[in-house]
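# Summary of the model geometry
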Amino acid sequence: MYLILFCIFFAVSLFFFTNFFLKSVDRAAAEGKVYNALEKNQSKSFLMPFIFRRADNLGKLFSKINNKKFREYAGKIDNDLRTLEGNYDKFNSYQYISLQFFAAAAGMLFCALFISVDIFFLFFAGLLFFFLPLIKIKEEIKKRRETIFKQLPDMADLLSIMLESGADFFGAADKATVILKGPLSDEFKSVLSKISFGYDKKKALNEMVQKTGVEQLGFFVRTINMSLDSGAGMAGTLKRIAAQIRNERASLAEKKAQEAPVKMLIPLVLFIFPTIFIVIFGPIVINFIKTGGF
């Protein structure tokens, strides 16, 4: 019984501390590098400038490591940060790895103070919290891709309307980015900015697809490139693409609705059922231990 109560306490404590830490990662991303937080007075907390100063110093040491695996790991984080852009683009990979080590230390300290000083629990807490900043990046990338996927039909409709009114594609895209706000508009603004400096149009669009990693956007861009090569009208094609993506979104929503009952089994089995069993059978077990029978 004490083991079950301990597990429940551990799970609840871990949930609240994890939520607090992931919010602090968001706050860290918003505040930028340490010199921004100190010199430009952008910081809203006392702790973040201290963390950034240490992350900046430790990141410089990590940048000198020549291990191939470590470099590959840092390169993947760099790609993820560039994908997110915005506040996360203020980091470099080595600073973010430093934050991972700080997170591991914080997790071990939390475990030692509130849960247990056992080596196994300390190691488990440190390992878990080491990956929390990385999980945060993956979560943000997933949200960004989902938002881009949701905005694609609206973007296609806007472009088709403007093309029918006589605008060229990139002129229509420029106007659409003003109307439609979000990550997809930001990506198109980046493409238009590159093209304005003489960058190849098709290459800029293909790089946008590689950066975002959204499959439906790749199909969208391939259609645009084919139309640009052939000189064919795009308005009708874009309307059909918008309808197709909306149908795909509806299918995905139905699939998620069907998967929901299965996913609910995990929290039921891990959290709700044990609590119910403790409430129902706890007094019976205590009475049995005290009296030796019912």
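Scope of this entry: the structure provided in the associated data block.

## Side note on the pattern of salt bridges
As enumerated under the stated definition, the model contains 9 salt bridges in all. Its salt-bridge partner being aspartate 154, residue arginine 246 comes within 3.1 Å of it at the nearest N-O pair. Placement of arginine 246 in helix α12 (residues 235-291) and of aspartate 154 in helix α7 (residues 132-164) is noted, with a sequence separation of 92 residues between them. A relative accessible area of 35% places aspartate 154 in the partly exposed class. In the salt-bridge network here, residues are joined through shared partners; they are Arg144, Glu187 and Lys211.

## Observations concerning the packing of aromatic side chains
Applying the stated criterion to the full structure yields 8 aromatic pairs. Ring centres of phenylalanine 120 and phenylalanine 121 lie 5.7 Å apart, and the angle between their planes is 75°; this geometry places the pair in the edge-to-face category. Classification of phenylalanine 121 by relative accessible area gives partly exposed; the value is 23%. We note lysine 194 situated over the ring of tyrosine 199; from NZ or CZ to the ring centre the distance is 5.6 Å.

## Re the packing of α7 against helix α9 (residues 183-196)
Direction vectors running N to C along α7 and α9 enclose 80°, while the axes themselves pass 8 Å from each other. In terms of orientation, α7 lies roughly perpendicular with respect to α9. From α7, Arg144, Thr147, Ile148, Gln151, Leu152 and Met155 reach across to α9, where they touch Pro183, Leu184, Ser185, Glu187 and Phe188. Its residues assigned to classes, the contact of α7 with α9 shows 6 nonpolar, 3 polar and 2 charged.

## What to know about the environment of leucine 152
Here leucine 152 shows up in helix α7. When the C-alpha atoms of leucine 152 and leucine 217 are compared, they prove to be 7.3 Å apart, with 65 residues separating the residues in sequence.

## What about the packing of α7 against helix α8 (residues 169-179)?
Where α7 contacts α8, the axes come no closer than 9 Å and their chain directions differ by 130°. For the element pair α7 / α8, the angle class is oblique. Here α7 runs over α8; the crossing is right-handed. Contact with α7, carried on its side by Met155, Leu158, Leu159, Met162 and Leu163, involves Phe169, Ala172, Ala173, Lys175, Ala176 and Ile179 of α8 and no other residues of that element.

## Description of the nonpolar core
One finds Leu159, Phe169, Phe188, Leu205, Leu217, Phe220 and Leu238 to be the most contacted residues of the largest nonpolar core, which totals 35 residues. Mapped onto this core, the elements with two or more residues apiece are α7, α8, α9, α10 (201-212), α11 (215-230) and α12. It is α7 that contributes the most residues to this core, 9 residues altogether. Among residues more than four places away in sequence, those in contact with phenylalanine 188 are Met155, Phe169, Ala173, Thr177, Leu205, Met208 and Phe220. Counting residues in each nonpolar core, the second largest holds 17 residues, with Phe62, Ile77, Ile97 and Leu134 among its members.

About the thresholds
- Residues numbered from 1 in each chain as written.
- Predicted model: local features only at pLDDT ≥ 70, side-chain atom pairs only at ≥ 80, totals over all residues.
- Heavy atoms only, no water.
- Salt bridge = Lys/Arg side-chain N within 4 Å of Asp/Glu carboxyl O.
- Helix = DSSP H or I, 4+ residues; strand = E, 2+ residues; numbered from the N terminus.
- Buried < 20%, exposed > 50% of the residue type's maximum accessible area, 1.4 Å probe, protein only.
- Phe/Tyr/Trp six-rings, centres within 6.5 Å; stacked < 30°, edge-to-face > 60°.
- Lys NZ or Arg CZ within 6 Å of the ring centre and 35° of its normal.
- Axes fitted to C-alpha atoms, helices over the stretch in contact; angles between N-to-C directions.
- Parallel < 35°, antiparallel > 145°, perpendicular 65-115°, else oblique.
- Contact = heavy atoms within 4.5 Å.
- Nonpolar A, V, L, I, M, F, W, Y, C, P; charged D, E, K, R; others polar.
- Left-handed = near helix turned anticlockwise from the far one by under 90°.
- Core = buried A, V, L, I, M, F, W, Y, C linked by side-chain atoms within 4.5 Å.

Without other data, these values stay purely geometric and don't point to any function.
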